[in-house]
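The lines below spell out each chain.
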Amino acid sequence: MMARRSSRKRMIADINVVPYIDVMLVLLVIFMITAPLLNQGVEIDLPKADSEPLPPSDQPPLILSVDRQGAYYLNLADNPKQPMDSESILTRSAALLRRNPRLPVLVKADTNVDYGTVVCAMVLLQQAGAEKVGLSTEMPES
């Protein structure tokens, strides 16, 4: 009788991994669908120039985008896809640059934007405390 009783209480030491695989596949599908939708900022047709890329950095740069109509967008704002006025950009940029003076600063302007609008964007960032302001371009297609 003792041998029979111990065989009934024997524990099974197998782990069922099928539910974990199912969860992983669902997460993979979710990430594959949402990754292309995470495009930050606004649609801008950048000028093409053969230039060297910036060195990699741990922190995202402060990017002031200027669209075709001359509206300003700040990538580190509360809503990066909402146009901002000059005063708001100056205030927000100054706060970010006071916290991190080594923050890379770029202007990303559409090809069809007036040169004066791009210069005004650069001046705004300099007034906010940026020591260096770079211009963002795309590599030309060969």
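Structural data are supplied above this passage.
Below or above, wherever it landed, is the structure these notes cover. From a predicted model like this one, the values you see are computed outputs, not experimental measurements.

About the thresholds
Residues numbered from 1 in each chain as written. Predicted model: local features only at pLDDT ≥ 70, side-chain atom pairs only at ≥ 80, totals over all residues. Heavy atoms only, no water. Helix = DSSP H or I, 4+ residues; strand = E, 2+ residues; numbered from the N terminus. Expected span 1.5 Å × (residues − 1). Buried < 20%, exposed > 50% of the residue type's maximum accessible area, 1.4 Å probe, protein only. Arc of directions from axis to C-beta. Contact = heavy atoms within 4.5 Å. Pairing = 2+ DSSP bridges. Axes fitted to C-alpha atoms, helices over the stretch in contact; angles between N-to-C directions. Parallel < 35°, antiparallel > 145°, perpendicular 65-115°, else oblique. Left-handed = near helix turned anticlockwise from the far one by under 90°. Patch = residues over 30% accessible without salt bridge, like charges linked within 9 Å, V, L, I, M, F, W, Y side chains within 5 Å. Areas by Shrake-Rupley, 256 points an atom, 1.4 Å probe, with all protein chains shown as cover. Salt bridge = Lys/Arg side-chain N within 4 Å of Asp/Glu carboxyl O.

This brings us to helix α3 (residues 86-99). Compared with an ideal rise of 1.5 Å per residue, which puts 14 residues at 20 Å, α3 spans 20 Å between its outermost C-alpha atoms and is within 8% of the ideal. Those residues of α3 lying buried are I89, S93, A94, L96 and L97. Taken around the axis of α3, the buried residues stretch over an arc of 165°, which confines them to a single face. Opposite the buried face of α3, at more than 90 degrees from it, the exposed residues are E87, R98 and R99. In this structure, the buried residues of α3 make contact with β1 (62-66), β2 (72-74), β3 (105-109) and α4 (115-128).

Let's shift gears to the sheet that holds β1. The strand order across the open sheet formed by 4 strands is β2-β1-β3-β4, and the pairing between neighbours is mixed. Of all strands in the sheet, those with a lone pairing partner are β2 and β4 (134-135), marking the two edges. By the bridge criterion, 3 bridges tie β1 to β2 in an arrangement that is antiparallel. Bridge pairing in β2 places S65 opposite Y73. Against the sheet, α4 touches β1, β2, β3 and β4, its axis set at about 160° to β3.

Attention now moves to the packing of α3 against α4. For the pair α3 and α4, interaxial distance at closest approach is 8 Å and the crossing angle is 45°. In terms of their interaxial angle, α3 and α4 are classed as oblique. Where α3 crosses over α4, the handedness of that crossing is right-handed. Judged by residue contacts, S86, I89, L90, S93, A94 and L97 of α3 engage L124, L125, Q127 and A128 from α4.

On the surface, a cluster of nonpolar side chains totalling about 760 Å² of accessible area is made up of I15, V17, Y20, I21, L25, L28 and M32. Relative to the assigned elements, L28 resides in helix α2 (residues 18-34).

Structurally, T117 is set in helix α4. Take T117: its relative accessible area is 18%, and that puts it in the buried class. Excluding residues within four positions of it along the chain, T117 makes contact with V66, G70 and Y72.

Another point: α4. Counted at 1.5 Å a residue, the expected span for α4 with its 14 residues is 20 Å, and the 20 Å between its end C-alpha atoms agrees. Where α4 is concerned, the buried positions are T117, V118, A121, L124, L125 and A128. Seen end-on, α4 carries its buried residues on one side only, within an arc spanning 115°. What points out from α4, more than 90 degrees from its buried face, is the exposed set Y115 and Q127. Count one or two residues on from α4 and you reach G129, which has phi positive near 120°.

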